[in-house]
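Descriptive analysis of the structure
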Amino acid sequence: MRVAIVGFPYSGKSTVFSAIANIPRANLNLTGENIAAVRIPEPRLDDLEKMYQPKKRTEATMEFIDLPGGAGDDGNANAGLAKNLPSLRQAAALVVVLRAFQSDSVPAFKDRVDPRADLSIIRDEITFADLLACTNRVEKLEAAVKKPTKDQEKQKKELELLKRCQEALEAGKPLRDVIQPGEEEKLVRSFGFLTQKPLVVAFNVGEADAAKPPPFIDPAAAATVTLCATLELDLAQLAPEERGPFLAEYGLKEIAGQRLVRAAFDALGMMFFLTAGPEEVRSWPITRGATAVDAAAEIHSDIARGFIRAETVAFADLLAAGNMRDAKAANKVRLEPKHYVVQDGDVILFKFNV
């Protein structure tokens, strides 16, 4: 899972990256890509850790990439995005950082602070990039389908889909509203269309606005988060037990950067199942709708291959019982087959034989 962070120069996108990755700004590559594995918050592990007192706690991570130069940094509407297209295409989701703070010490891109206009320009950029890729492929396919080949039927299906995509993009409609999961998604997967990816909007505000609602809600975004990047960077460098007074001072309940990471994770249609025992408690990311055997494969292919059953208990039921023994006594532990659809927060022990 890779998430790309984009934004205009002076938006604070690299500071946001530093904060969520807990990497000092001085250690960033300011002319190239910065990549980091970022922990995905899972507070349910806190309770499992207290319950099992394990030797190890392992939290899932996802990869964030901070791309150089921002979007449109040379004044050309598409140029800033175009130079980062290969990396953007490989990302599963996009986080758009919008400047929503005033500062005399940080110059404003285009001499104005207007997050709504910035978002509109970035949307135009990614739409244009997809339209260009789509149009080029349509032109090639229109010539190719005239020749009888073994791939002709597949090419016709791709052409029909891409023409629909082309029409949608010309109308300013994102492809996530057009391309259906399954066969259609597979046909165009190699394009890495940007408007097909979920979009998370992050407003970078001043310290005084850190606890306030976002300036506006974009209905097309998968999630919207407000944060003060410089404050988040300071908080990230504190030990967890030292953050409380500072969060209270700014009216915050939690580090906003963690909400941003979790928002990107949720936007990808992901959830967690959990494993717990005296050796380790661990969160495992999995796609919503995945089955028990899919979950087993996340741990090891041998477990999936030799799957017998999944001893499963909902996290809330385990927490209420206090331990696995009492959860079993209360008939809250189930033995689930391969096709069981895993639920968010399921605590699972896999039985297998290979």
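The following refers to the structure shown. This one's a predicted model, so the numbers in the text were calculated from it and none came from an experiment. Numbering of residues begins from 1 in every chain and follows the order in which that chain's sequence is written. Local features in this predicted model are restricted to residues whose pLDDT is 70 or higher, and side-chain atom pairs enter the listing and the counts only when it is 80 or higher, whereas totals over whole chains, interfaces and linings include all residues. Calculated side-chain values reflect all of the structure's heavy atoms, with hydrogen atoms and water omitted.

As a further point, take empty space enclosed by the protein. Using a 1 Å grid laid over the protein atoms alone, points where a 1.4 Å probe fits but cannot get out form a cavity; open sets with protein on both sides within 12 Å along at least 5 of 7 lines form a pocket; any residue with an atom within 4 Å of a point counts as lining. Grid points are joined across faces, edges and corners, and a volume is the space filled by probe spheres set on the points. All told, the structure shown has two cavities of 30 Å³ or more when counted by the stated rule. The volume enclosed by the largest cavity comes to roughly 70 Å³. Around the largest cavity sit Phe8, Pro9, Tyr10, Ser11, Arg99, Ala108, Phe109, Arg112, Val113, Asp114 and Asp118, which together line it. Classifying every residue of the lining of the largest cavity by side-chain character gives six nonpolar, one polar and four charged. The classification used treats Ala, Val, Leu, Ile, Met, Phe, Trp, Tyr, Cys and Pro as nonpolar, Asp, Glu, Lys and Arg as charged, and all other residues, Gly among them, as polar.

With mixed pairing, the six strands of this open sheet are ordered in space as β2-β4-β1-β5-β6-β7. Because the sheet does not close on itself, it has two edges, and the strands there are β2 (34-39) and β7 (223-227). Each neighbouring strand pair of the sheet contributes to a mean axis angle of 25°, computed without reference to strand direction. Two strands are counted as paired when DSSP detects at least two bridges linking them. Every helix listed is a DSSP run of H or I at least four residues long, and every strand listed is a run of E at least two residues long, numbered separately from the N terminus. Where strand β1 (residues 2-6) meets strand β5 (residues 93-99), four bridges bridge the pair, whose relative direction is parallel. Bridge pairing links Val6 to Val96 in β5. Running over the sheet, helix α5 (residues 115-144) touches β5 and β6 (199-204) and is turned about 145° from β5. Every axis in this analysis is a line fitted to C-alpha atoms, fitted for helices over the stretch in contact. Angles between the N-to-C directions lie between 0 and 180 degrees. For this analysis, residues touch if any pair of their heavy atoms sits within 4.5 Å.

For the rest of this paragraph, the subject is the pattern of salt bridges. A side-chain nitrogen of Lys or Arg and a carboxyl oxygen of Asp or Glu constitute a salt bridge if their distance falls within 4 Å. Taken as a whole and judged by the stated rule, the model has 27 salt bridges. Across the salt bridge formed by Asp130 and Arg89, the nearest N and O atoms sit 2.7 Å from each other. You can see Asp130 sitting in helix α5 and its partner Arg89 sitting in helix α4 (residues 85-90), a full 41 residues away along the chain. What makes Arg89 buried here is its relative accessible area of 18%. Each residue gets one of three labels from its accessible area relative to the maximum for its type: buried under 20%, exposed over 50%, partly exposed in between, using a 1.4 Å probe on protein chains only.

To continue, consider the nonpolar core. In terms of nonpolar packing, the biggest core is built from 43 residues, with Leu48, Met62, Phe64, Val95, Leu260 and Leu318 touching the most fellow members. Looking at which element gives the most residues to this core, the answer is helix α10 (residues 256-267), with seven residues. For Val95, the residues in contact, after removing those within four places along its chain, are Val3, Ala4, Ile5, Val6, Phe64, Val200, Ala202 and Leu260. To define a nonpolar core, start from buried Ala, Val, Leu, Ile, Met, Phe, Trp, Tyr and Cys residues and group those joined through side-chain atoms within 4.5 Å. By size, the runner-up hydrophobic cluster in this structure holds 32 residues, among which are Ala4, Val96, Val201 and Leu235.

Relative to the assigned elements, Pro278 resides in the loop between β8 (270-276) and β9 (280-287). The exposure class assigned to Pro278 is exposed, which follows from its relative accessible area of 56%. Here the alpha-carbon distance between Pro278 and Lys55, two residues 223 residues apart in the chain, equals 6.6 Å. Dropping the residues within four chain positions of it, Pro278 is found in contact with Tyr52, Gln53, Pro54 and Lys55.

Remark: α5 packs on helix α6 (residues 152-170), axes separated minimally by 9 Å, with the N-to-C direction vectors making an angle of 145°. Classified by chirality, the crossing of α6 by α5 is left-handed. Here Thr127, Asp130, Leu131, Cys134, Thr135, Arg137, Val138, Leu141, Glu142 and Ala144 of α5 come into contact with α6, specifically with Gln155, Glu158, Leu159, Leu162, Lys163, Cys165, Gln166, Leu169 and Glu170. Considered class by class, the residues forming the contact of α5 with α6 number nine nonpolar, four polar and six charged. Crossing chirality is assigned from the near helix's rotation relative to the far helix, an anticlockwise turn below a right angle marking it left-handed and a clockwise turn marking it right-handed.

Before going further, it helps to examine the layout of surface pockets. Sizing a probe to match a water molecule and rolling it over the atoms shows the empty space that remains. Computed from the structure, the largest pocket encloses a volume of approximately 500 Å³. Lining the largest pocket are 29 residues; nearest its centre among them are Tyr10, Gly12, Lys13, Ser14 and Arg25. Within the residue set of the lining of the largest pocket, elements represented by two or more residues are α1 (13-21) and α8 (229-236). A class-by-class count of the residues in the lining of the largest pocket yields twelve nonpolar, 13 polar and four charged.

This brings us to helix α2 (residues 44-52). Since there are 3.6 residues in each turn of an α-helix, residues three or four apart along the chain are aligned in direction. Residues Arg44, Leu45, Leu48 and Tyr52 constitute the buried set of α2. Taken around the axis of α2, the buried residues stretch over an arc of 95°, which confines them to a single face. In this fold, the buried residues of α2 make contact with β3 (56-58), α10, β8, β9, α13 (315-321) and α14 (324-329). Directly after α2, the chain includes Gln53, whose backbone phi takes a positive value near 50°. When we speak of the arc, we mean the arc of directions from the helix axis to the C-beta atoms.

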